[in-house]
Amino acid sequence: MIDYHVHTKLCKHAIGDPEQYVSTAISKGFFEIGFADHCPFPVGFDPLYRMNESQFPEYKHIILSLKENFKNIIQVKYGIEVDWVGEKMNEVFAKIAKEPFDYLIGSVHYIDDFPFDNPEIEHLWKRDKTLPDRVWLKYLELVYEMVSSGQFNIIGHFDIPKKFGYFPSDMNSYLPDIYDIFKKAAENKMAIEINSSGIRKPVKEIYPSLKLLKLAREAGLYITFGSDAHAPEEVGADFDKAIILAKEAAFSEYVLFTEKSISLQALPE
């Protein structure tokens, strides 16, 4: 098995040494682990929850060293999680253009200046019953822009606006737009991440839901797996449930990335 969404202490909200994450993956019998810490670009964006520009060489050194040191035991993949920040994406892509990434995870954590999945603003969801619809509408617009760019390999934690357990008034009304996102992503040979971290959040549900994962299958998307681990013990957490979900959505394979090239692997029995 693999885990393609693992963080480091450089993001300022994770704990443990990178070697501990790798050791956990090895102990679980995984054959690949991929680090995808938060991208420090655009410069100055969300500085409390990601490495800064001066730390980026350190991140690269850490992951490439792990890749070399563990190459005879487990494959370590060099990835990064990139926030879609609209008009500032040219800066982001210019900064990371020469990096030998195995994959890029594209994510949306902000609606304009609103960090909708940040626990510090959870109380706002309780106060405003219109917030789910407003956030979902803009979230889908931004994700469509992201997948249309052709720059990414993986959609990160799709349907994360449900994190605190709040849903749109009519989720079915969003399904056509979601299908359009998935179809465009499939055209660009992207995967959607089955992200188990939702089980550890108030919603207690994997990202994305089964209904949306079935829609991704219909659209022709690949799948991959990520724990969104911010602590070593979270590596591969609840992947038994994630694999069951994938099979319920009629997937039989998941995708591996090596220097952004794709190969397919059968789901475990």
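Below or above, wherever it landed, is the structure these notes cover.

On to the pattern of salt bridges, then. Applying the stated criterion across every chain, the model contains 15 salt bridges. The partner of Lys77 in a salt bridge is Glu32, with the nearest N and O atoms 3.1 Å apart. Here the residue Lys77 occupies a position in strand β3 (residues 75-83), and Glu32 occupies one in strand β2 (residues 32-38), the gap between them amounting to 45 residues. Summarising the burial analysis for this pair, Lys77 and Glu32 share the class buried. A salt bridge links Lys162 to Asp159; the nearest nitrogen and oxygen atoms lie 2.9 Å apart. Neither Lys162 nor Asp159 differs from the other in exposure class; each is buried. Sharing partners across several salt bridges, the network here consists of Asp46, Arg50 and Asp83.

A few words on the packing of helix α7 (residues 210-219) against helix α8 (residues 239-248). Running from N to C, α7 and α8 cross one another at 55°; their axes reach a closest spacing of 9 Å. When the axes of α7 and α8 are compared, the pair comes out oblique. Every pair of crossing elements has a handedness; the one defined by α7 and α8 is right-handed. Here Leu210, Leu213 and Lys214 of α7 lie close against α8, whose contacting residues are Leu245, Ala246 and Glu248. Grouping the amino acids of the contact of α7 with α8 by side-chain chemistry returns four nonpolar, no polar and two charged.

Those residues of α7 lying buried are Leu212, Leu213, Leu215, Ala216 and Ala219. Each buried residue of α7 lies within a common arc of 155° when the element is viewed along its axis, so the set occupies one face. Next to the buried residues of α7 lie α6 (175-187), β6 (191-195), β7 (222-226) and α8. Gly220 lies just past α7 and shows a positive phi near 95°.

This paragraph deals with the packing of helix α5 (residues 131-148) against α6. At a minimum axis separation of 9 Å, α5 and α6 run at an interaxial angle of 15°. By the angle class used here, α5 and α6 are roughly parallel. In the crossing of α5 with α6, the sense of the turn from one axis to the other is left-handed. Residues Trp136, Leu140, Val143, Tyr144, Val147 and Ser148 of α5 touch α6, and the partners they reach there are Asp177, Ile178, Asp180, Ile181, Lys184 and Ala185.

Below, the discussion takes up the nonpolar core. Core analysis: the largest hydrophobic core is formed by 96 residues, its most contacted members being Phe158, Phe182 and Phe225. The greatest single-element share of this core, amounting to nine residues, is contributed by α5.

Residues Phe41 and Pro42 are joined by a peptide bond in cis, for which omega reads 5°. Summarising the element assignment, Pro42 is placed in the loop between β2 and α2 (56-69). With an omega dihedral of -10°, the bond running from Tyr207 to Pro208 counts as a cis peptide bond. Its location among the elements puts Pro208 in the loop between β6 and α7. The backbone phi angle of Asp112 is positive, close to 55°, even though this residue is not glycine. Within the fold, Asp112 resides in the loop between β4 (103-107) and α4 (122-127). The backbone phi angle of Lys260 is positive, close to 70°, even though this residue is not glycine. Within the secondary structure layout, Lys260 lies in the loop between β8 (253-258) and β9 (261-266). For Lys260, a relative accessible area of 39% corresponds to the partly exposed category.

Rules behind the numbers
- Residues numbered from 1 in each chain as written.
- Predicted model: local features only at pLDDT ≥ 70, side-chain atom pairs only at ≥ 80, totals over all residues.
- Heavy atoms only, no water.
- Salt bridge = Lys/Arg side-chain N within 4 Å of Asp/Glu carboxyl O.
- Helix = DSSP H or I, 4+ residues; strand = E, 2+ residues; numbered from the N terminus.
- Buried < 20%, exposed > 50% of the residue type's maximum accessible area, 1.4 Å probe, protein only.
- Axes fitted to C-alpha atoms, helices over the stretch in contact; angles between N-to-C directions.
- Parallel < 35°, antiparallel > 145°, perpendicular 65-115°, else oblique.
- Left-handed = near helix turned anticlockwise from the far one by under 90°.
- Contact = heavy atoms within 4.5 Å.
- Nonpolar A, V, L, I, M, F, W, Y, C, P; charged D, E, K, R; others polar.
- Arc of directions from axis to C-beta.
- Core = buried A, V, L, I, M, F, W, Y, C linked by side-chain atoms within 4.5 Å.

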